[in-house]
Amino acid sequence: MTQKMNIHNPQHRELMIEQILKGHMVALPTETVYGLAVRADDDQAVMNLFKKKGRPSFNPLIVHYASWEDVAATFAMNSCEENLARHFWPGPLTLVLDRPPDLYIASCVSANLPTLAVRVPDHDFTRSLIRDIGCPLAMPSANRSGRLSPTSPEHVLADFPHDGTILIADGGACTLGLESTVVDARNPQQISLLRPGIITKEDLKPWGNISSSSDLKNNKSSSHLAKTPSSPSSPGCLTSHYAPSRPLRMNVTTPLTHEAFLGFSGSPLATRDLSPQGCLREASKNLYHDLHLLDREPFTSIAVAPIPNQGLGITINDRLARAASSHPTNQNLSS
Ligand code: TXA
Ligand code: MG
């Protein structure tokens, strides 16, 4: 069985460190979602992680460091990257940086790209574990590839129920509940927002011109990667992703019979409401939590109320659109 570990128990902490040092996987809490961690310098451990998640090898992983100083000592950053890092770390920002020559990180972590995505998570336990391990951790979200990200240890358990090789550090519910924002600021004149996240386009504006992936679609030359299935610009942006097991429909005002209805801002008939007060931060924290819950109930499909497409609503709609496109059959459903 997959085992839950108490983060306040020194023996459990030692066991988790020992497992990671040996190249095994441990699920760790972050402020965004739970991650499935292995040491980033171990090719075999990273390949086992891809296999365990069922993740395509072309989809690179984020490497998590204990501190901004550790990143600065390893990567040559331009002043824009440095300013973003100083402002947002520790926190829900992932920076795509040039990979220095002879870096000790396994090349399969970044799918053999010339770049590496890097983040310093805002979670004391996880940062202290990375510090004591003495090696950064490759850590994708702790779900099977394509499925909903986990925001609690129970979600990790549900995706990997009978897996004797995974320990889960129980840090309770994640405080933010949606993944980090992935940004490429290697060209400081044009910062690319590769995956919308908790940090919004507006939050990034003080640091320069921002183009988002929707802008990039119209201007392939500004992306550092060709947009082919084998090398998407940020493969978490694969069209179908972040999906519950049931079909999901967006922008619904009248749900069908036998359909769960995820409301927003006091929707009548809602099975659950992402935020009865219409607060987008509360809705983003509840999104995966509520979708996990509704996915366990005996409904045929999940309908979601319209979410305003501004600020964090853009991130919520991004995840919902990917979840919706994972089930082509839901095109046949109508309200
Ligand atoms: O909040 C988060 O970012 C969580 C927690 C655990 O840190 N992690 C997470 O990891 O969401 P994952 O593997 O589920 O998503 C990583 C995203 C993917 O969209 C991947 O394509 C992108 O980061 N990515 C990783 N390396 C990249 C690179 N070198 N260039 C462009 N995108 C990259
Ligand atoms: Mg993921």
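Please refer to the structure higher up on the page.
Residues numbered from 1 in each chain as written. Chains lettered and ligands numbered in written order. Predicted model: local features only at pLDDT ≥ 70, side-chain atom pairs only at ≥ 80, totals over all residues. Heavy atoms only, no water.

Caption draft 1: Spatial organisation of the overall build of the chain. A count of helices and strands for the chain gives 10 helices and 15 strands. By residue count, 57% of the 335 residues in the chain fall in the buried class. The contacts in the chain between residues at least 6 apart in sequence include a share of 67% that link residues at least 24 apart. Summing over all exposed atoms, the chain offers an accessible surface of approximately 14000 Å²; the carbon and sulfur share of this is 50%. (Helix = DSSP H or I, 4+ residues; strand = E, 2+ residues; numbered from the N terminus. Buried < 20%, exposed > 50% of the residue type's maximum accessible area, 1.4 Å probe, protein only. Contact = heavy atoms within 4.5 Å. Areas by Shrake-Rupley, 256 points an atom, 1.4 Å probe, with all protein chains shown as cover.)

Caption draft 2: Representation of unusual backbone geometry within the structure. Each neighbour pair has its own omega, and for Trp89 with Pro90 the value is -10 degrees, a cis peptide bond. Tracing the sequence through the fold places Pro90 in the loop between helix H4 (79-88) and strand E5 (93-98).

Caption draft 3: Region of interest: the packing of aromatic side chains. Enumeration over the complete set of coordinates arrives at 2 aromatic pairs. Ring plane angle 80 degrees and centroid distance 6.0 Å describe the contact between Tyr65 and Phe75, whose orientation is recorded as edge-to-face. Of this pair, Tyr65 sits in the loop between strand E4 (62-64) and helix H3 (68-74) while Phe75 sits in the loop between H3 and H4, placing them 10 residues apart in sequence. Just as Tyr65 is buried, Phe75 falls in that class too. Judged by centre distance (5.3 Å) and plane angle (55 degrees), the ring pair of Phe88 and Trp207 falls under tilted. Of this pair, Phe88 sits in helix H4 while Trp207 sits in the loop between helix H7 (201-204) and strand E11 (210-212), and the two are 119 residues apart along the sequence. (Phe/Tyr/Trp six-rings, centres within 6.5 Å; stacked < 30°, edge-to-face > 60°.)

Caption draft 4: View of the sheet that holds strand E9 (residues 181-184). Read across the sheet, 11 strands follow the order E1-E8-E2-E3-E7-E4-E6-E5-E9-E10-E11 without closing on themselves; strand pairing throughout is mixed. Single-partner strands in this sheet number two, and they are strand E1 (3-6) and E11. Sheet topology places E5 next to E9; 3 bridges connect them, and they run parallel. Looking across to E9, one finds that Thr94 is bridged to Val182. (Pairing = 2+ DSSP bridges.)

Caption draft 5: Molecular detail of the sheet that holds strand E14 (residues 272-273). Here 4 strands make up an open sheet; going across it, the order is E12-E15-E13-E14 and the pairing parallel. Across the chains shown, the open sheet's two edge strands, defined by having one partner strand only, are strand E12 (248-249) and E14. Direction of pairing for E12 relative to strand E15 (residues 301-304): parallel, over a ladder of 2 bridges. The residue of E15 that forms the bridge with Leu248 is Ile302.

Caption draft 6: Fine view of the pairing of E15. Every second residue of E15 is oriented toward a common face, with Ser301 and Ala303 on one face and Ile302 and Val304 on the other, all of them buried. Relative to E15, strand E13 (residues 259-263) runs parallel, the two sharing 4 bridges. Residue pairing in the sheet places Phe261 in a bridge with Ala303 of E15.

Caption draft 7: Quick look at the side chain of Asp159. Structurally, the position occupied by Asp159 is in helix H6 (residues 153-159). Buried and without a salt bridge, Asp159 has Arg147 as its closest oppositely charged side chain, separated by 4.6 Å. (Lys, Arg positive; Asp, Glu negative; His and termini not counted. Salt bridge = Lys/Arg side-chain N within 4 Å of Asp/Glu carboxyl O.)

Caption draft 8: Expanded view of the packing of helix H1 (residues 10-21) against helix H5 (residues 124-133). Close contact between H1 and H5 brings their axes to 10 Å; oriented N to C, the two are set at 55 degrees. The orientation of H1 with respect to H5, classified from their angle, is oblique. By crossing handedness, the relation of H1 to H5 is classed as right-handed. Where H1 approaches H5, its residues Arg13, Met16, Ile17, Ile20 and Leu21 are matched on the opposing element by Phe125, Ser128, Leu129, Asp132 and Ile133. Counted by class, the contact of H1 with H5 contains 7 nonpolar, 1 polar and 2 charged residues. (Axes fitted to C-alpha atoms, helices over the stretch in contact; angles between N-to-C directions. Parallel < 35°, antiparallel > 145°, perpendicular 65-115°, else oblique. Left-handed = near helix turned anticlockwise from the far one by under 90°. Nonpolar A, V, L, I, M, F, W, Y, C, P; charged D, E, K, R; others polar.)

Caption draft 9: A look at the pattern of salt bridges. Applying the stated criterion to the full structure yields 17 salt bridges. In this structure, the salt-bridge partner of Arg127 is Asp124, at a minimum N-O distance of 3.4 Å. Pair noted here: Arg127 and Asp124 are both in helix H5, with a separation of 3 residues, about one helical turn. Note that Arg322 and Asp318 form a salt bridge whose closest N and O atoms lie 2.6 Å from each other. In this pair, Arg322 and Asp318 are both assigned in helix H10 (residues 312-325), 4 residues apart and thus about one turn of the helix distant. Taking the relative accessible area as the measure of exposure, Arg322 reaches 11% and is therefore buried. Each of the salt bridges in this network shares a partner with another, and the network as a whole consists of Glu179, Asp318, Arg319 and Arg322.

Caption draft 10: Geometry of the pairing of E9. Going residue by residue along E9, you find Thr181 and Val183 tucked away on one face and Val182 and Asp184 tucked away on the opposite face as well. Alignment of E9 against strand E10 (residues 191-195), held across 3 bridges, turns out to be antiparallel. What sits directly across from Val182, in E10, is Arg195. Hairpin connection from E9 to E10: 6 residues lie between these consecutive antiparallel strands.

Caption draft 11: Geometry of H4. Within the sequence span of H4, burial applies to Cys80, Glu81, Leu84, Ala85 and Phe88. An end-on view of H4 places all buried positions within 130 degrees of arc, on one side of the element. Opposite the buried face of H4, at more than 90 degrees from it, the exposed residues are Ser79, Arg86 and His87. For H4, the elements touching its buried residues are H3, E5, E9, E10 and H7. Of the residues flanking the start of H4, the one acting as N-cap is Asn78, its side-chain oxygen 3.0 Å from the backbone nitrogen of Cys80. (Arc of directions from axis to C-beta. Polar contact = N/O pair within 3.5 Å; in protein donor to acceptor, adjacent residues only side chain to side chain.)

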